[in-house]
Amino acid sequence: MSVLSPDAEGAPYDSRAAAYDRVVGSALYNRLLWGASPERYRAFARRAVAAGNRPLLDAGAGSAVFTAGAYAEADRPLLLVDRSLGMLEAARNRIADRAGGTLPNSVTLLQADANDLPLRDESIETVLSMGMLHLFDDVTGHVEELGRVLAPGGRLFAMSLVAAQRLGRVYLWLLHRAGEVAAPRGFDGIRAAVESGFGAAVDGAREGCMAFFTAKVEDAE
Ligand SMILES: C[S@@+](CC[C@H](N)C(=O)[O-])C[C@H]1O[C@@H](n2cnc3c(N)ncnc32)[C@H](O)[C@@H]1O
């Protein structure tokens, strides 16, 4: 499904879904370049899926290269949003494969802008954001939009590249020059922007150039 017009931006990733999976999904690429491990990304996604039983939004779901296993087994509604139909098609195929050949009814794939979500306020229990924050100049505004849809007691799980190690920092700057990512920021800079958008303190951890943030919206009175 889509809420974007047919000529909407999103194409950059459409032509790249297969290459994206081979490169970004590779343990060697992540270890050498980012000093981090896909196993940890998958575990992070599993924590998000296990954090509730009401709707989970994956904002910028991509091809589900790290999430398909968790999504195939999940027992809760899952809304996968991405601007790229090519990435969503790859996600659909990967999750269906993991689930034995058919996409589970619990999974909805939606082409939409993660900065302008077609969702009601407080309609989501868990937001998962993997590999997204470093794409945006305005991380605070992006996280504000994610926070808008989170219900009281809901949780945010966000994983982002940060400029933390020499090789990763250099590569992030090259990606920035190529127009692929925002100007690289360090762990503290991204964390401050997340806290500003979320309106509360977030827990943070880092493995190499990958930062992991979690936060909980206050429970309703
Ligand atoms: C670096 S990939 C991350 C994908 C996936 N979360 C992962 O961890 O592999 C970024 C994804 O965000 C999508 N994207 C970029 N900007 C977006 C936006 N404003 N709204 C929705 N999706 C967006 C791209 O199409 C791409 O699939």
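About the criteria used
- Residues numbered from 1 in each chain as written.
- Predicted model: local features only at pLDDT ≥ 70, side-chain atom pairs only at ≥ 80, totals over all residues.
- Heavy atoms only, no water.
- Near = heavy atom within 4 Å.
- Polar contact = N/O pair within 3.5 Å; in protein donor to acceptor, adjacent residues only side chain to side chain.
- Areas by Shrake-Rupley, 256 points an atom, 1.4 Å probe, with all protein chains shown as cover.
- 1 Å grid on protein atoms, 1.4 Å probe; cavity = no way out; pocket = protein on both sides within 12 Å on 5 of 7 lines; lining within 4 Å.
- Sits in = over half its atoms within 2 Å of the grid points.
- Nonpolar A, V, L, I, M, F, W, Y, C, P; charged D, E, K, R; others polar.
- Points joined across faces, edges and corners; volume = space filled by probe spheres on them.
- Helix = DSSP H or I, 4+ residues; strand = E, 2+ residues; numbered from the N terminus.
- Buried < 20%, exposed > 50% of the residue type's maximum accessible area, 1.4 Å probe, protein only.
- Contact = heavy atoms within 4.5 Å.
- Axes fitted to C-alpha atoms, helices over the stretch in contact; angles between N-to-C directions.
- Parallel < 35°, antiparallel > 145°, perpendicular 65-115°, else oblique.
- Left-handed = near helix turned anticlockwise from the far one by under 90°.

S.K.: Explain the site of the ligand here, please?
M.R.: The environment of the ligand is made up of 20 residues, and the closest members are Tyr20, Gly60, Asp82, Ala114 and Met130. Measuring from an oxygen atom of the ligand, one finds a side-chain N or O atom of Tyr20 at 2.7 Å. Within the complex, the protein chains bury 95% of what would otherwise be the 590 Å² of accessible surface of the ligand. Taken atom by atom, the bulk of the ligand overlaps the largest pocket. A per-class count over the shell around the ligand returns 12 nonpolar, five polar and three charged.

S.K.: Would you mind showing me how to read the layout of surface pockets here?
M.R.: Where empty space is left in the structure can be found by rolling a water-sized probe over the atoms. Size it by volume and the largest pocket reaches roughly 1100 Å³. Residue lining of the largest pocket: 47 residues in total, with Tyr13, Tyr20, Gly131, His134 and Leu135 positioned closest to the centre. Residue assignment for the lining of the largest pocket shows that the elements contributing at least two residues are α1 (11-14), α2 (17-24), α3 (27-34), β2 (78-82), β5 (150-161) and α8 (166-177). Per-element tally for the lining of the largest pocket: the top contributor is α2, with four residues. Here the lining of the largest pocket is built from residues that sort into 28 nonpolar, 11 polar and eight charged.

S.K.: Any chance you could explain the side chain of Ser37 here in plain terms?
M.R.: Among the secondary structure elements, Ser37 is positioned in the loop between α3 and α4 (38-49). For Ser37, a relative accessible area of 16% gives the class buried. Residue contacts for Ser37: discarding those within four places in its chain leaves Arg31 and Glu207.

S.K.: Would you take a moment to explain the side chain of Ser129 for this structure?
M.R.: Secondary-structure assignment places Ser129 in strand β4 (residues 124-130). Judged by relative accessible area, Ser129 falls into the buried class, the value being 0%. Filtering out sequence-adjacent residues up to four positions away, Ser129 remains in contact with Ala59, Leu146, Phe157, Ala158 and Met159.

S.K.: Even after reading the chapter, I still don't get empty space enclosed by the protein, so can you show me in this structure?
M.R.: Overall, the coordinates contain one cavity of 30 Å³ or more when judged by the stated rule. For the largest cavity, the calculated volume is near 40 Å³. As for the largest cavity, its lining consists of His134, Leu161, Val162, Ala163, Leu172, Val181, Ala182, Ala183, Pro184, Arg185 and Ile190. Among the residues making up the lining of the largest cavity, the classes are represented as nine nonpolar, one polar and one charged.

S.K.: Can you help me understand the packing of helix α7 (residues 139-149) against helix α9 (residues 187-198) in this one?
M.R.: A packed helix pair is summarised by two numbers, namely the angle formed by the two axes and the spacing between the axes. The N-to-C vectors of α7 and α9 enclose an angle of 40°; their axes lie 7 Å apart at closest approach. With respect to α9, the axis of α7 lies oblique. Relative to α9, the crossing made by α7 is right-handed. Every residue of α9 that contacts α7 at Val139, Thr140, Val143 and Glu144 is listed here: Ile190, Ala193, Val194, Ser196, Gly197 and Phe198. Here the contact of α7 with α9 is composed, by residue class, of six nonpolar, three polar and one charged.

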